[in-house]
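Here is how the chains run, residue by residue.
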Amino acid sequence: MNALELLKEDHETVRDLLNQLVNTTERAEKKRPELLAKIEKEIRVHTQIEEEIFYPAFKKASGKTNDVMYYEAHEEHRAVEELVLPDLKKTDPGGTQFSGRAKVLKELIEHHAEEEEEEMFPQARKTMSQSELEELGEKMQARKKVLMAS
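If you're wondering where the values come from, they're calculated on a predicted model, not measured in any experiment.

(A) Just the environment of glutamate 116, in detail. Here glutamate 116 lies in helix α4 (residues 96–127). Taking relative accessible area as the criterion, glutamate 116 reaches 2% and is therefore assigned buried. Counting along the chain gives 43 residues from glutamate 116 to alanine 73, while the straight-line C-alpha distance between them is 8.0 Å. Apart from residues lying up to four places away in sequence, glutamate 116 is in contact with His11, His46, Glu50, Tyr55, His77, Phe121 and Pro122. Here the side chain of glutamate 116 touches histidine 112 through a polar contact of 3.0 Å, side chain to side chain.

Shown next as structure tokens:
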């Protein structure tokens, strides 16, 4: 599996979990925290393999041309991990505020994934060879396996 396919697969997994989360009601006091824990782990692992392996390779391959895309992606990760997700985790899963915060998380993640898939990934295909993408995919898959186990 190449790097872009792996990342897209991760995006689909998180989109599915987020859809499940936003479709819960206040009565899902046990299910909401369970889904949130799965989402948090998926996001943490995905972000880590992107920032450790994919983003540096993308930046190196595309040079200064895509600096804005590279830094914007990092900021979107930071916004989710340091602001939105911690707020949601502190919110009462039986309250209506939880629904609003879950929707904001979903919208941020969907926006980020869409930008990567529509802008960053096509650029990566232009500036990186198929073998480079395959090699990155293998590294990312191995790293992901380790991170998911911890």
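(B) Looking closely at the pattern of salt bridges. Taken as a whole and assessed by the stated rule, the structure comprises twelve salt bridges. With a closest N to O distance of 2.9 Å, lysine 89 and glutamate 40 form a salt bridge. Here lysine 89, found in helix α3 (residues 67–90), pairs with glutamate 40, found in helix α2 (residues 31–62); they are 49 residues apart in sequence, far enough to count as distant. For lysine 89, a relative accessible area of 47% puts it in the partly exposed group. Across the pair arginine 143 and glutamate 52 runs a salt bridge whose closest N-O atoms are separated by 2.8 Å. Of the two residues, arginine 143 sits in helix α5 (residues 130–149) while glutamate 52 sits in helix α2, which places them 91 residues apart along the sequence. Given the relative accessible area of 39%, glutamate 52 is considered partly exposed. Each member of the salt-bridge network shares a partner with another, and the members are Lys8, Glu12, Arg15 and Glu117.

Cut-offs used in this document
Residues numbered from 1 in each chain as written. Predicted model: local features only at pLDDT ≥ 70, side-chain atom pairs only at ≥ 80, totals over all residues. Heavy atoms only, no water. Helix = DSSP H or I, 4+ residues; strand = E, 2+ residues; numbered from the N terminus. Buried < 20%, exposed > 50% of the residue type's maximum accessible area, 1.4 Å probe, protein only. Contact = heavy atoms within 4.5 Å. Polar contact = N/O pair within 3.5 Å; in protein donor to acceptor, adjacent residues only side chain to side chain. Salt bridge = Lys/Arg side-chain N within 4 Å of Asp/Glu carboxyl O.

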